[in-house]
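The primary structure of each chain is shown beneath.
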Amino acid sequence: MTDLTVSLYLLFFPFIVFWEMLFCMGLSEILSTAYVFFGDVKHLYSVILTLWMYLSALFYPVTSLPTIMQWIVRCNPLFAYIDGFRCLVLEHSLPSLAEMLKMVCFGLGMYAVGRLCFRRNQHRIMEKL
């Protein structure tokens, strides 16, 4: 069993949580808009979410995968956040600048797209409901 120690790098934890929260809020606005117009989104989302979990390298190190699969997992937006958490907690280091920029870009990008999607369909959603 590995001993986990507390380090000052954990002070960086809220930074990652904030950008991941923005990512999730954007995704939720897209899904909530789609759910109003397409009822099957609920069933499709559960299947996609399971696949997404396995492509996020939650339960295994990404280095244990073949090279092509490593590339696919690294393209997953959630992997940037997961890898950032691993750096802070397990490796006692900060994520690289490139990883931090990916987190910020994915968070802002998904939030902007989700917000835009919801605002453009806001009146149609009210009519539909």
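Our subject is the structure listed above.
Residues numbered from 1 in each chain as written. Predicted model: local features only at pLDDT ≥ 70, side-chain atom pairs only at ≥ 80, totals over all residues. Heavy atoms only, no water.

Q: Describe the pattern of salt bridges, with residues and values.
A: If you walk through the whole model with that rule in mind, you get two salt bridges. As a salt-bridge pair, arginine 115 and glutamate 29 come within 3.0 Å of each other at their nearest N and O atoms. Separated by 86 residues along the polypeptide, arginine 115 in helix H5 (residues 97-128) and glutamate 29 in helix H1 (residues 13-37) bring together distant segments of the chain. Under the relative-accessibility criterion, glutamate 29 is labelled buried at 11%. Residue glutamate 99 is joined to lysine 102 by a salt bridge in which the shortest nitrogen-to-oxygen separation is 3.5 Å. Of this pair, glutamate 99 and lysine 102 both sit in helix H5, separated by three residues, roughly a single helical turn. By relative accessible area, glutamate 99 is classed as buried at 16%. The partly exposed category is assigned to lysine 102, whose relative accessible area is 27%. (Salt bridge = Lys/Arg side-chain N within 4 Å of Asp/Glu carboxyl O. Helix = DSSP H or I, 4+ residues; strand = E, 2+ residues; numbered from the N terminus. Buried < 20%, exposed > 50% of the residue type's maximum accessible area, 1.4 Å probe, protein only.)

Q: Describe the packing of helix H4 (residues 77-89) against H5, naming the residues involved and giving the relevant values.
A: In a packed pair of helices, the relevant descriptors are the angle between the two axes and the axis-to-axis distance. Following both chains from N to C, one finds H4 and H5 inclined at 135 degrees, their axes separated by 9 Å at the closest point. On the basis of the axis angle, H4 is oblique to H5. Judged by the twist between their axes, the crossing of H4 over H5 is left-handed. Facing Pro77, Ala80, Tyr81, Asp83 and Gly84 of H4, the residues of H5 in contact are Glu99, Lys102, Met103, Phe106 and Gly107. Considered class by class, the residues forming the contact of H4 with H5 number five nonpolar, two polar and three charged. (Axes fitted to C-alpha atoms, helices over the stretch in contact; angles between N-to-C directions. Parallel < 35°, antiparallel > 145°, perpendicular 65-115°, else oblique. Left-handed = near helix turned anticlockwise from the far one by under 90°. Contact = heavy atoms within 4.5 Å. Nonpolar A, V, L, I, M, F, W, Y, C, P; charged D, E, K, R; others polar.)

Q: Please set out the side chain of arginine 86 residue by residue, giving values where relevant.
A: Among the structural elements, arginine 86 can be located in helix H4. It is aspartate 83 that comes nearest to the buried, bridge-free arginine 86 among opposite-charge side chains, at 4.9 Å. Among the polar contacts listed, one links the side chain of arginine 86 to the backbone oxygen of leucine 58, at a separation of 3.1 Å. If near-sequence neighbours (up to four positions away) are discounted, arginine 86 is found in contact with Ala57, Leu58, Phe59, Tyr60, Phe79 and Glu91. (Lys, Arg positive; Asp, Glu negative; His and termini not counted. Polar contact = N/O pair within 3.5 Å; in protein donor to acceptor, adjacent residues only side chain to side chain.)

Q: I'd like to hear about a nonpolar patch on the surface, residue by residue, with values.
A: The grouping of Phe18, Met21 and Met25 at the surface amounts to a nonpolar patch, some 260 Å² of accessible area in total. Of note, phenylalanine 18 is situated in helix H1. With a relative accessible area of 40%, phenylalanine 18 lands in the partly exposed category. (Patch = residues over 30% accessible without salt bridge, like charges linked within 9 Å, V, L, I, M, F, W, Y side chains within 5 Å. Areas by Shrake-Rupley, 256 points an atom, 1.4 Å probe, with all protein chains shown as cover.)

Q: Tell me about the side chain of serine 7, and please be specific about residues and values.
A: When you line up the elements, serine 7 lands in the segment before H1. You can call serine 7 buried: its relative accessible area is 17%. Within the structure, serine 7 has its side chain in polar contact with the side chain of histidine 92 (distance 3.2 Å). Once you skip the residues sitting within four places of it in the chain, serine 7 turns out to touch Leu88 and His92.

Q: A description of the packing of H1 against H5 should follow, citing residues and the corresponding values.
A: Where H1 contacts H5, the axes come no closer than 7 Å and their chain directions differ by 30 degrees. In this view, H1 runs roughly parallel relative to H5, as classed from their interaxial angle. Along this stretch, H1 crosses H5, giving a crossing that reads as left-handed. Partitioned by chemical class, the residues of the contact of H1 with H5 number 21 nonpolar, six polar and four charged.

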